[in-house]
Structures are given as C-alpha cells and as structure tokens.
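Spelled out, the chains give:
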Amino acid sequence: AFAKSVFPGHPYSHDLQGDAASVRAVTREEILRFHADRYVPGSAAIVVAGDATAGTLLPLLERTFGAWKAAAGTHASVPTVPPAKQIGKRRILLVDKPDAPQSQIVIGRVGPARSTPDFFPLVVTNTILGGSFTSRLNHNLRETKGYTYGASSQFDFRLSTGPFAASARIRHCNRAAL
C-alpha cells in the first residue's frame, strides 16, 4: 500500500518481490534469459576480504574464473527508470486489518536517487534520525514514550528516485496520548 501511494502509476508502485499472480506468470525461459543476460563477467565484481595477498589470490581467481567469458552481445543494458513525481499533498491511507495484533504507521515520500551528490550526508543524517537503534526516532518513540517496539527511517536509494520512509510498529494506539 505504501509503494502504491507514493509511486502511483510508476514502476516502483509494484512490490519488488512480486505478488502471487506475477510469480505464477514468470516462465522458466524468462528466468533463464534473465540469468544469461545479467550474470555475466561484464557485470560481476569479485570482492575478497581477509588475510590474502594479491600474489596468492590472483592465480586462484584466474584458475576459477579465467574461462568465464561473455558471449558477444549478450550483456543486458541497465534499465532506465523515470524519476517519480513528488507527492503533491498530504494523504492519509488506512489499510484495515481487523484482527491484526499490531499496527504499522509509515510516513514517507519520494526520496532522491542513489546518484544524488547528497548521498553520504543523507546516510549520516538518516542514521541520526532513524537509521540505527540509538537514533532519535527510536529513542523518543520507544525509550522515552513507550509507544512502539521500534521506530526507524530509511532512504531506499535506487537507480531513480526511491522512497524515504519513517515507520513504527505499535501494539495499540492510545488516541489521548497522541
């Protein structure tokens, strides 16, 4: 519901994991084509961490991956995703789940793309706001007020404008306390 409300009519309005109907509709051939197009040397990165030296590691990598060559013309291009329009005005959307043991409150909007020059300042700012257990949101709403089991915020940096959201899961809502 959040993605549909923040990104109406945009490719990001769909659940990234799909739904039952879209998963059933995918064919084996489509999965094989996707794998062949994208799991290729030109789009792979090998990252090694630990007690290793280039002198011992490079021959091992060459033996293991040296024959892995891309077929001509098989590399898929990175898809282009248009930027989403910013939400025009505040809206409140209620998704009724009558017997749910808890509720989730999500506040959000269209955020920046991963390519923003403000990427690192935004990551630091979000860590303070709601990106860690010791953040201001969690401290205030969980530790000080006791409203929630946990509160957080995050930027979901994507190829195009992605969502920014702050959320909290609550067992019940005491309207008088709000």
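Quick note: structure is the one above.
Conventions adopted
Residues numbered from 1 in each chain as written. Predicted model: local features only at pLDDT ≥ 70, side-chain atom pairs only at ≥ 80, totals over all residues. Heavy atoms only, no water. Phe/Tyr/Trp six-rings, centres within 6.5 Å; stacked < 30°, edge-to-face > 60°. Buried < 20%, exposed > 50% of the residue type's maximum accessible area, 1.4 Å probe, protein only. Helix = DSSP H or I, 4+ residues; strand = E, 2+ residues; numbered from the N terminus. Lys NZ or Arg CZ within 6 Å of the ring centre and 35° of its normal. Contact = heavy atoms within 4.5 Å. Patch = residues over 30% accessible without salt bridge, like charges linked within 9 Å, V, L, I, M, F, W, Y side chains within 5 Å. Areas by Shrake-Rupley, 256 points an atom, 1.4 Å probe, with all protein chains shown as cover. Salt bridge = Lys/Arg side-chain N within 4 Å of Asp/Glu carboxyl O. Polar contact = N/O pair within 3.5 Å; in protein donor to acceptor, adjacent residues only side chain to side chain.

S.K.: Would you mind going over the packing of aromatic side chains in detail, with residue names and values included?
M.R.: Overall, the coordinates contain six aromatic pairs when judged by the stated rule. Geometrically, the ring pair formed by Phe65 and Trp68 is tilted, given 6.2 Å between the ring centres and 45° between the ring planes. The class for Phe65 is partly exposed, based on a relative accessible area of 37%. A relative accessible area of 38% means that Trp68 is categorised as partly exposed. On the numbers, 4.7 Å between centres and 65° between planes, the contact of Phe119 with Phe157 is edge-to-face. One end of the pair, Phe119, is in helix α5 (residues 119-129); the other, Phe157, is in the loop between β2 (150-155) and β3 (163-170), with 38 residues separating them in the sequence. Assessed through its relative accessible area of 14%, Phe119 is described here as buried. Connected via pairs of aromatic rings, a cluster forms that spans Phe119, Phe120, Phe155, Phe157 and Phe164. The ring of Phe119 has Arg114 lying over it, and the distance from NZ or CZ to the ring centre is 3.4 Å. Its guanidinium or amino end placed over the ring of Tyr12, Arg158 lies 4.5 Å from that ring's centre, counting from NZ or CZ.

S.K.: Report on the environment of Arg24, specifying residues and quantitative values.
M.R.: Mapped onto the elements of the fold, Arg24 is located in helix α2 (residues 20-25). Arg24 gets classed as exposed once you look at its relative accessible area, which sits at 66%. Distance in space between the C-alpha atoms of Arg24 and Pro98 is 28 Å, their sequence separation being 74 residues.

S.K.: How would you summarise the environment of His10 if you had to cite specific residues and measurements?
M.R.: Considering the arrangement of structural elements, one finds His10 in the loop between α1 (2-6) and α2. Along the primary structure His10 and Pro82 are separated by 72 residues, whereas in three dimensions their C-alpha atoms are 8.1 Å apart. Setting aside anything within four residues of it in sequence, one finds His10 in contact with Val81, Pro82, Pro83 and Ala84.

S.K.: Hey, could you go over a nonpolar patch on the surface for me, with residue numbers and the actual values?
M.R.: On the surface, a nonpolar cluster with roughly 360 Å² of combined accessible area is contributed by Ile46, Val48, Phe65 and Trp68. Along the polypeptide, Val48 turns up in the loop between α3 (28-38) and α4 (54-65).

S.K.: Explain the environment of Thr144 to me, and be specific about the residues and the numbers.
M.R.: By secondary structure assignment, the location of Thr144 is in helix α6 (residues 136-144). On a C-alpha basis, the gap between Thr144 and Gly50 in space is 41 Å, while along the polypeptide they are 94 residues apart.

S.K.: Provide a residue-level description of the side chain of Ser13, including the pertinent values.
M.R.: Relative to the assigned elements, Ser13 resides in the loop between α1 and α2. By relative accessible area, which is 9% here, Ser13 ends up buried. A polar contact is formed between the side chain of Ser13 and the backbone oxygen of His10, at a distance of 2.8 Å. Other than its neighbours up to four places away in sequence, Ser13 contacts Ala3, Lys4 and Phe7.

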